[in-house]
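Overview (structure and organization)
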Amino acid sequence: MKCLNLESQYYGELKKYDSAKVCAHEALSQAEIYHLDSLKGKSWYTLGMISFSNNNLQQSIVEYNKALVAYKESHQTAGVGTSYLGIGISEQGLTNYSSSIGHYLQAADIFQNLGDEMYLAYTFNSIADCFNELSKYGETLEYNKKALFIRRKLKDEQGISQSLNNIGFLYYKLQKADSAIYYLSRSLEIIKNDKDSSGFVLTLQDIGAAYKIKGEFKKAEKYSLRAQNIASNYGMEKELAGGNADLAEIYTGQKDYAKALQHVNTAIDTARKLNLTELLLKAYTIKYTIYKKTGDYKNAVVYGDKRAQLNDSLFTISANRAITEMATKYKTAQTEKDRDAYKVRSQLQQKIVSQQTKYIVVLSIAAVLLAALFVIAYNNFRKKNKANKRIQTLMQDLHHRVKNNLQILSGLFTMQIDNLSDENTKNALRENEARLTSMNLIHNKLYLDNTTTKIEMNDYLTKLLNHIKDSFGGYKQNEINLRIEVSNIMLEADKAVAIGLIANELTTNAFKYAFNGQVHGEIHLALQLVEKSKILLTLGDNGVGLKAENKDKAPSFGLKLVNLMARQLNSTLVVNNNNGVFYQMEISI
């Protein structure tokens, strides 16, 4: 029976599906005669694979489910996991992404318990693909990074390259060009000697597209042309068509409209030949843009209409208005009105941003004050240890109010950061969000465990510094290492908040200013008990150190906050600028 199953798989690999089915059904018949559930599971699973390979996805789901039942009855956990995986793959092929994710998660749980990291990484990668199709990019990034972590541990170069490429392409979709280039280039370094030409071409095209977002058209052209040469050598028509569309956009950015038209026309011809609807839609959009930029409004209207006819569902009301506006410009040669309207909208947006920023500052102050009141009230409550029901009710209400305010404020920060274009303002809001996190971690600890007012500092500081690291994408997240050494120390909440804010400010400054592209950077934090009632906080980096011209400058808000917290702890911050920056503070407890 095992031989029949193996023979069936062999025929399946040769795409001789009829012969493969005969062998699998014979194996299944023998397994049922002799009541061998384990082999029944294998036979049904093989039939599911054959149906999937033959593009009969609904039938494959039926057969994988029968395999699942047989594996459960014979207590074969690995078989249960692969059956869930097979169902997930088939559901994904049918674009039932939510159902697919559910089955993948069940498979992942089993593979994790079995310690089967190869299958686990593959499953995480598949979950990321489904979330990507659902446009849930946060979850997509999370599971791609989980897959990457495991594949690095397994030293699976092909898998590492795939995960790096997936993450890079996701950052490209999110218009985060620097992060996209970082991950895609790392992927390219691994696959440059790979015989899989398709993956090589697509990675080169994606890097070119990322440089195009940055407006670095020469670099974008270099990578795109290199991809075209390889695609041409291997006769990859689909990739060549996509590359011609990319080059058309690049030459449009360089205002070389003759070359742009040449490449976009080639892309249109191939897209029609291969029935590539999405590429054809993109090509029509590019051609519409070219004619619009060259003032040929008549042809702009023509290709705007073609775009609308090809896919009305993707053509919004604003796009229809744009076409109407092109027709009006063609007839009336309208000139400066749009520019004036743009200025009015820009001024209005600036006023809105200013008002929102003021609102967030007010809420930030309110949240900090409320958190401080909470800590004071909670400490008093625990010290007096009164079992009064009314006080308990009030404390629970205060817990909820603090938690809700912190969540609202965090959400406002996130929304405001996403809506702002000014990097300085965005960085300021990110710093405030990190300060909020340092307090939020303590509140969550006290909220979940009402038996103590003390904070376990190792767990708290580890979570805090890793949160700060995760907020920095690309190079800084991958090339800067954290070394955290914290003794088994429990501190009251007020001292923990102060130390957390100090660690947050100094760590954030190190990530921002200490390394400047340096490879193998390290930030080291230690909190040690030096006497019975004294602890020593140290935080340092191996970066470039403090510049001489910055020493006489007025301290930033962050450093003012550090000094304020130091005074609250009855301590003084000592700074040593040698082979990096080294901070030290002795605190009485």
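Our subject is the structure that appears above.
Read on for a plain summary of the structure. Because the structure is a prediction, the values reported are computed rather than measured.

**Considerations on the environment of E278**
By the secondary structure assignment, E278 is in helix α15 (residues 277-293). In this structure, the C-alpha to C-alpha distance between E278 and L310, residues 32 residues apart in sequence, is 9.3 Å.

**Here's the deal with the layout of surface pockets**
One number sums up the size of the largest pocket: a volume of about 1,900 Å³. Along its surface, the largest pocket is lined by 49 residues, and F169, Y172, K173, L202 and D206 are the ones closest to its centre. For the lining of the largest pocket, the secondary structure elements donating two or more residues are α7 (117-133), α8 (137-154), α9 (157-173), α10 (177-191), α11 (197-214), α13 (237-253) and α15. Examining the composition of the lining of the largest pocket, we find that 10 residues originate from one element, α9, more than from any other. Tallied by class, the residues present in the lining of the largest pocket amount to 17 nonpolar, 17 polar and 15 charged.

**Quick look at the pairing of strand β7 (residues 581-588)**
Across the two faces of β7 the burial differs, with V581, Y583, M585 and I587 buried and F582, Q584, E586 and S588 not buried at all. As judged from the seven bridges shared by strand β5 (residues 534-541) and β7, these two strands associate in the antiparallel manner. Paired with G540 across the two strands is F582, which belongs to β7. Bridge analysis of strand β6 (residues 574-577) against β7 gives four bridges, and the strand direction is antiparallel. Bridging across to β7, N576 finds its partner in F582. Linking β6 back to β7 in an antiparallel pair, the connection comprises three residues, with N579 at a positive phi of about 55 degrees.

**Description of the nonpolar core**
Of all hydrophobic cores here, the largest spans 50 residues; its most connected members are L188 and L204. Per element, the largest residue contribution to this core is eight residues, and it comes from α15. Each residue touching L188, except ones within four places of it in the same chain, is listed here: F200, T203, L204, I207, Y223 and R226.

**Side note on the packing of α7 against α9**
Where α7 contacts α9, the two axes come as close as 12 Å, and the packing angle between them is 15 degrees. On the basis of their axis angle, the class for α7 and α9 is roughly parallel. Seen along the crossing, α7 lies across α9 with a hand that is left-handed. Mapping the contact onto sequence places N125, D129 and N132 in α7 and Q162, S163, N166, L170 and K173 in α9. Considered class by class, the residues forming the contact of α7 with α9 number one nonpolar, five polar and two charged.

About the criteria used
- Residues numbered from 1 in each chain as written.
- Predicted model: local features only at pLDDT ≥ 70, side-chain atom pairs only at ≥ 80, totals over all residues.
- Heavy atoms only, no water.
- Helix = DSSP H or I, 4+ residues; strand = E, 2+ residues; numbered from the N terminus.
- 1 Å grid on protein atoms, 1.4 Å probe; cavity = no way out; pocket = protein on both sides within 12 Å on 5 of 7 lines; lining within 4 Å.
- Points joined across faces, edges and corners; volume = space filled by probe spheres on them.
- Nonpolar A, V, L, I, M, F, W, Y, C, P; charged D, E, K, R; others polar.
- Buried < 20%, exposed > 50% of the residue type's maximum accessible area, 1.4 Å probe, protein only.
- Pairing = 2+ DSSP bridges.
- Core = buried A, V, L, I, M, F, W, Y, C linked by side-chain atoms within 4.5 Å.
- Contact = heavy atoms within 4.5 Å.
- Axes fitted to C-alpha atoms, helices over the stretch in contact; angles between N-to-C directions.
- Parallel < 35°, antiparallel > 145°, perpendicular 65-115°, else oblique.
- Left-handed = near helix turned anticlockwise from the far one by under 90°.

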